[in-house]
Amino acid sequence: MKTLPVDDEYLRDVLLELLRTPSPSGRTDAVMQVVGDRLTELGVRIRLTRRGVLRATLPGEGAVGGASRAVVVHADTIGCMVKRLKENGRIEVVPVGTHSARFAEGAHVTVFTDDLSNLHTGTVLPLLSSGHNYGDAVDTQGVGWHQVEVRLDEPVETRQDLLDLGISVGDFVALDAAPQITPNGYVKARHLDDKAGVAACLAAVKALLDDGRTRPVTAHLLVTIGEEVGMGATHGLDEYVAELVAVDNAVVSEGQESREDTVNIGMLDSTGPFDYHLTRRLIGLCESNDLPFRRDVYRFYRSDAAPAIESGLECRTALIGFGVDSSHGHERTHLEGIRRTAELLTAYLTSPLTFSEWDDRPTGALADFPSHSVQPAEPEPDRYPGRH
């Protein structure tokens, strides 16, 4: 259950390739091809569902009843869609996923038409974008998607000009990631959520294969394509999955404990607490490996774990992640945090199930349930005489 060395150069290369491949929810085929090609190069067996969710399998020694585990990460990102072609030659957009127009202002974008060879670049601008024309009104304009528009890098002045370019309502508009890695290891880019998570998972898979040891339990890597719109791990796994660890961004902000340079373990998100035992198993792996980590809770957040449980998967769930400052905005993380997330995954995937005997089967007897020895339910102290 020791962490394995992670190939830092591979991690950086994969991260940059993913960030430079646009993948707003609903238009993810290109990025899934990248992920699939990377896994195929490593010799990993993969399968895709009808909708394009990818499942890679790392065989293990197995367990009685065929129990397995899963690591889930999403390759889709926030983005926009063409809502209206305006009479002034600009484009009105609506968000894909939950994010504020405040952080879209000034973003460079790529507009994808139905013709795959026909794409256009542009910029998201507030309606009042010229200080020399509008003066102080620029500072008092409101914030919202109805307050911005896309200016194309084309000589367009009318709605018909946009139509002549082949642009239609419903076309996808991707916010360019514009990734940068600073000399001291900070990564600045849009869509670190969850491209950095995918990179961490691929780096962990490579480390496991380079090590060559047999894993105690068969593990699946599920890469989903609709997490940003609430449809993450809704399918692609079976009833044999006993444990599921979601890998996503951890919130670095005022009042949060997460850090950019550590791995972070979610204790609770907007859907409720994560599994008590699996969460503390991950904490124990960090402690035994001297791996820097933080515990945190997230109020306005959900991951791939939530739709997996909501769709009927009966398993333990947990959340780990790399810290992201200004999530869904001008995002930043650190290579140390991504690498440490990958390292925790290597320790987890080379360890047994949390409760090997109990978790081998979907059901069991109360006498065998591990609660009595691991999480005893102590009675409430009787501090108030006569209360009972």
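Placed above this text is the structure.
In what follows, the accompanying structure is described.

Rules behind the numbers
- Residues numbered from 1 in each chain as written.
- Predicted model: local features only at pLDDT ≥ 70, side-chain atom pairs only at ≥ 80, totals over all residues.
- Heavy atoms only, no water.
- Disulfide = S-S within 2.5 Å.
- Buried < 20%, exposed > 50% of the residue type's maximum accessible area, 1.4 Å probe, protein only.
- Axes fitted to C-alpha atoms, helices over the stretch in contact; angles between N-to-C directions.
- Helix = DSSP H or I, 4+ residues; strand = E, 2+ residues; numbered from the N terminus.
- Parallel < 35°, antiparallel > 145°, perpendicular 65-115°, else oblique.
- Left-handed = near helix turned anticlockwise from the far one by under 90°.
- Contact = heavy atoms within 4.5 Å.
- Expected span 1.5 Å × (residues − 1).
- Lys, Arg positive; Asp, Glu negative; His and termini not counted.
- Salt bridge = Lys/Arg side-chain N within 4 Å of Asp/Glu carboxyl O.
- Pairing = 2+ DSSP bridges.

1. A word on the state of the cysteines
Here is the idea: a disulfide is a covalent bond, and it sits between the sulfur atoms of two cysteines.
Piece 1. Enumeration according to the criterion identifies zero disulfides in this entry.
Piece 2. Cys201 supplies the cysteine sulfur nearest to Cys286, a cysteine that is in no disulfide, at a spacing of 15 Å.
Piece 3. Accessibility expressed as a relative area gives 1% for Cys286, which makes it buried.

2. A short note on the packing of helix 7 (residues 192–211) against helix 10 (residues 335–349)
Piece 1. One can describe the packing of helix 7 onto helix 10 by two numbers: an axis separation of 8 Å at closest approach and a directional angle of 45°. Of the possible angle classes, the one that applies to helix 7 and helix 10 is oblique. Once helix 7 is placed against helix 10, the crossing between them reads as right-handed. Taken together, the residues of helix 10 that come into contact with helix 7 (itself represented by Ala196, Ala200, Cys201, Ala203, Ala204, Ala207 and Leu208) are Ile338, Thr341, Ala342, Leu345, Thr346 and Leu349.

3. With respect to helix 2 (residues 29–41)
Piece 1. An ideal rise of 1.5 Å per residue puts 18 Å on 13 residues; helix 2 measures up with 18 Å between its terminal C-alpha atoms.
Piece 2. Within helix 2 the residues assigned to the buried category are Val31, Met32, Val34, Val35, Gly36, Arg38 and Leu39.
Piece 3. Within two residues after helix 2, Gly43 carries a phi angle of roughly 85°, on the positive side.

4. Notes on the side chain of Asp194
Piece 1. Looking at where Asp194 falls in the secondary structure, it is placed in helix 7.
Piece 2. Buried charged residue Asp194 carries no salt bridge. Nearest counter-charge: Lys195, at 10 Å.
Piece 3. Beyond its immediate sequence surroundings of up to four residues, Asp194 is in contact with Val73, His74, Asp76, Val247, Asp248, Asn249 and Phe322.

5. Examining unusual backbone geometry
Piece 1. Note the cis peptide between Asp193 and Asp194, where omega equals 5°.
Piece 2. At Ala178, a residue that is not glycine, the phi angle is positive and equals roughly 50°.
Piece 3. Position of Ala178 relative to the elements: it lies in the loop between strand 9 (172–175) and strand 10 (180–181).
Piece 4. Positive phi, normally seen in glycine, also occurs at Asp290, with a value near 50°.
Piece 5. Tracing the sequence through the fold places Asp290 in the loop between helix 8 (276–288) and strand 16 (293–297).

6. Quick notes on the pairing of strand 8 (residues 148–152)
Piece 1. Most of strand 8 is tucked away, with four of its five residues classed as buried.
Piece 2. Pairing of strand 7 (residues 119–126) with strand 8 involves five bridges; the strand directions are antiparallel. Looking across to strand 8, one finds that Pro126 is bridged to Val148.

7. Notes on the pairing of strand 12 (residues 219–224)
Piece 1. Counting buried residues along strand 12, six of its six residues qualify, which places the element largely inside the surrounding structure.
Piece 2. Burial along strand 12 is two-sided: Ala219, Leu221 and Val223 and His220, Leu222 and Thr224, pointing in opposite directions, are all buried.
Piece 3. Here strand 2 (residues 54–58) pairs with strand 12 via five bridges, running antiparallel. By the bridge assignment for strand 12, Leu58 is matched with Ala219.
Piece 4. Pairing of strand 3 (residues 68–74) with strand 12 involves six bridges; the strand directions are parallel. Bridged to Val72 within strand 12 is Leu222.

8. With respect to the pattern of salt bridges
Piece 1. Throughout the structure, instances matching the rule amount to 18 salt bridges.
Piece 2. One salt bridge connects Glu260 with Arg332, and the closest N-O pair in it is separated by 2.8 Å. Taken together, the residues span a long stretch of sequence, with Glu260 in the loop between strand 13 (241–252) and strand 14 (263–269) and Arg332 in strand 18 (residues 332–334) at a distance of 72 residues.
Piece 3. Using a relative accessible area of 10% as the deciding quantity, one classes Glu260 as buried.
Piece 4. Using a relative accessible area of 30% as the deciding quantity, one classes Arg332 as partly exposed.
Piece 5. The salt bridge involving Asp275 is made with Arg316; its shortest N-O contact spans 3.2 Å. You can see Asp275 sitting in the loop between strand 15 (272–273) and helix 8 and its partner Arg316 sitting in strand 17 (residues 316–325), a full 41 residues away along the chain. The pair Asp275 / Arg316 is uniform in exposure class, with both members buried.
Piece 6. What you see here is one network of salt bridges that share partners, running through Asp8, Glu336, Arg339, Arg340 and Glu343.

Read these as layout, nothing more, since geometry by itself doesn't imply function.
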